[in-house]
Amino acid sequence: MDKNKSKELMRTFKSNGSVVIAFIVLFVLLSVFTKDIEAIEIGRIYMKYLLILIFLDNIMDTGGALLRGLNHSWLPMVVTLLGVCVFRIVWVYTYFESHHTLEGLLLSYPVSWIITLTIHYINLFISIMEDFTNNKFKNTNEVLQLLQEEEIPFKFEDKILTNLQQNTPSLVMLIKM
């Protein structure tokens, strides 16, 4: 890489405001492994797409974990397998074929996370509604009594308890956890 590209890279770091520190640290850390400016630039691109948006992966994993907590273990497994693995293979053979860049490949990560977390939370909502309609929350009154008896940072009023009991027993179960 020539000096102009190196100067352009440094100008990019300077113009990004508060992100400058993170990318300088990243630049230093990457330069421990290589002195090649092109390799460092590729590492910076990876970090831009993966580190900044990694919170989407955490949200996606939380949706699957909530479903498993409601005894629906197969559903999150299949959704994650299809949404993360199969989708990325399809991405490589479709979108990446026409946009043959590193960014085109790395974009598959946040897109697959968004698709999968959306499906997880739709399934979570459906599962909670099905469990509610099938009266799987039979012990709601017991949970409400335990919540009233234990010392918790906030006090429930009778209206709130009645509303919780009638409308959202699954929320009460989550509060208890």
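Structure shown above.
Residues numbered from 1 in each chain as written. Predicted model: local features only at pLDDT ≥ 70, side-chain atom pairs only at ≥ 80, totals over all residues. Heavy atoms only, no water.

**Student:** How do you make sense of the packing of helix H4 (residues 54–69) against helix H8 (residues 108–133) when you look at a structure like this?
**Tutor:** The description of two packed helices rests on the angle between their axes and on the distance between the axes. Remark: H4 packs on H8, axes separated minimally by 8 Å, with the N-to-C direction vectors making an angle of 25 degrees. Between H4 and H8, the angle is such that the two are roughly parallel. Helix-helix and strand crossings are classified by hand; for H4 and H8 the assignment is left-handed. Contact residues: H4 offers Ile54, Leu56, Asp57, Ile59, Met60, Thr62, Gly63, Gly64, Leu66 and Leu67, while H8 offers Pro110, Trp113, Ile114, Thr116, Leu117, His120, Tyr121, Asn123, Leu124 and Ser127. (Axes fitted to C-alpha atoms, helices over the stretch in contact; angles between N-to-C directions. Helix = DSSP H or I, 4+ residues; strand = E, 2+ residues; numbered from the N terminus. Parallel < 35°, antiparallel > 145°, perpendicular 65-115°, else oblique. Left-handed = near helix turned anticlockwise from the far one by under 90°. Contact = heavy atoms within 4.5 Å.)

**Student:** Help me out: how do you make sense of unusual backbone geometry in this one?
**Tutor:** Keep in mind that most residues, glycine aside, have a negative phi and that most peptide bonds are trans. Located in the positive-phi region is Asn71, a residue other than glycine, with phi close to 65 degrees. Along the chain, Asn71 turns up in the loop between H4 and helix H5 (74–93). A relative accessible area of 72% places Asn71 in the exposed class. (Buried < 20%, exposed > 50% of the residue type's maximum accessible area, 1.4 Å probe, protein only.)

**Student:** Can you walk me through the environment of Ser112 in this structure?
**Tutor:** Positionally, Ser112 belongs in helix H8. Placed 52 residues apart in sequence, Ser112 and Met60 show a C-alpha to C-alpha distance of 9.7 Å. Among residues more than four places away in sequence, those in contact with Ser112 are Gly83, Val84, Phe87 and Arg88. There is a polar contact of 3.0 Å between the side chain of Ser112 and the side chain of Arg88. (Polar contact = N/O pair within 3.5 Å; in protein donor to acceptor, adjacent residues only side chain to side chain.)

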